Amino acid sequence: HVIVRPHPQSFASEKELMDKLMQKYNDPAKVEWNRDNDNFDVLHRSDILISDFSGVLFDYSLVFDKPVIYTGAAMDKSPYDCAWSEKELWSFEILPKLGMELEEDKIDHIKEVIDECIESPAFKEGRDIARRETWVNIGEGAEKTVDYLINKYKELTAETVTPEEGVAVA
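Everything in this summary refers to the structure shown in the same document. (Residues numbered from 1 in each chain as written. Predicted model: local features only at pLDDT ≥ 70, side-chain atom pairs only at ≥ 80, totals over all residues. Heavy atoms only, no water.)

## Re the environment of Met-100
Move 1: With respect to the helices and strands, Met-100 occurs in strand β5 (residues 99-101).
Move 2: Sequence separation between Met-100 and Arg-35 is 65 residues; the distance between their C-alpha atoms is 26 Å.
Move 3: Not counting residues up to four positions away in its chain, the partners in contact with Met-100 are Val-68, Ile-69, Tyr-70, Lys-106, Val-113, Glu-116, Cys-117 and Phe-123. (Helix = DSSP H or I, 4+ residues; strand = E, 2+ residues; numbered from the N terminus. Contact = heavy atoms within 4.5 Å.)

## Details of the sheet that holds strand β4 (residues 68-70)
Move 1: Pairing is parallel in the open sheet, where 3 strands are placed in the order β3-β4-β5. If you trace the sheet from one side to the other, it starts and ends with β3 (49-51) and β5, each paired once. Taking the axes of each pair of neighbouring strands and ignoring which way they run, one obtains an average angle of 15 degrees across the sheet.
Move 2: Across 3 bridges, the pairing between β3 and β4 is parallel. What sits directly across from Leu-49, in β4, is Val-68.
Move 3: In the packing of helix α6 (residues 110-119) onto the sheet, contacts are made with β3, β4 and β5, and the angle to β4 comes to roughly 135 degrees. (Pairing = 2+ DSSP bridges. Axes fitted to C-alpha atoms, helices over the stretch in contact; angles between N-to-C directions.)

## What about the nonpolar core?
Move 1: Counting residues in hydrophobic clusters, the biggest one holds 15 residues, and the most contacted among them are Leu-43, Leu-49, Leu-57, Tyr-60, Val-68, Leu-95 and Leu-98.
Move 2: Elements supplying a minimum of two residues to this core: α3 (40-45), α4 (56-63), β4 and α5 (90-98).
Move 3: With 5 residues, the top contributor of residues to this core is α4.
Move 4: Ranked by size, the runner-up nonpolar core spans 7 residues in total, among them Ile-48, Met-100, Leu-102 and Phe-123. (Core = buried A, V, L, I, M, F, W, Y, C linked by side-chain atoms within 4.5 Å. Buried < 20%, exposed > 50% of the residue type's maximum accessible area, 1.4 Å probe, protein only.)

## Quick notes on the environment of Leu-57
Move 1: Among the structural elements, Leu-57 can be located in helix α4.
Move 2: When the C-alpha positions of Leu-57 and Tyr-70 are compared, they lie 8.0 Å apart, and in sequence the two are 13 residues distant.
Move 3: Apart from residues lying up to four places away in sequence, Leu-57 is in contact with Leu-49, Ser-51, Asp-52, Val-68, Ile-69, Tyr-70 and Leu-95.

## Details of the packing of aromatic side chains
The way to describe two aromatic rings as a pair is by their centre distance and the angle between their planes.
Move 1: In the structure shown here, the tally under the stated rule is 5 aromatic pairs.
Move 2: Ring centres 6.2 Å apart and planes at 80 degrees place the aromatic pair Phe-53 and Phe-58 in the edge-to-face group.
Move 3: When the ring of Phe-58 is compared with that of Trp-90, the centres are 6.0 Å apart and the planes differ by 35 degrees; the resulting orientation is tilted. Remark: Trp-90 occurs in helix α5 and Phe-58 occurs in helix α4; sequence separation between them is 32 residues.
Move 4: Here Phe-58 falls in the buried class, since its relative accessible area comes to 14%.
Move 5: Site record: aromatic cluster; members linked through ring pairs are Phe-53, Phe-58, Trp-90 and Phe-92.
Move 6: Note that Arg-131 overlies the ring of Trp-135, its terminal NZ or CZ placed 5.9 Å from the centroid. (Phe/Tyr/Trp six-rings, centres within 6.5 Å; stacked < 30°, edge-to-face > 60°. Lys NZ or Arg CZ within 6 Å of the ring centre and 35° of its normal.)

Don't take any of this as a statement about function, it's just geometry.
Shown next, in the form of structure tokens:
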């Protein structure tokens, strides 16, 4: 079962192409076209994500702890603040640890590529590394957030007394 989920804007800006593809690949037993604005449910239901280079690769692999297959992720850094840096950007450095790049010679063997990505413990380890490098307070986020909000509320609503005036200020 393949879920095809183009960017929602594609159905408007590339309507002719989307209509043509939906007509060609229209067996609901094999292909599901997803047009939801929110991608959470469809990502949760899937076993693997195949995508071009996009932020959804990171959302998918880190939130749902599942591997990705991605197309070439070359980037021209010249217009960005990082243009001077010789170091590879973290996004591109971590990507091969999250899944595999889909190269043209592997397209005819996509089933094997998918199986390898799903079964490989190396990609699971890569996702764990990425989470450790990017997330804080894992498993404690809600508690830390509530503590912060309560403390901030107390700070903002606390009465203080100025020594020179002896006046309570709220």
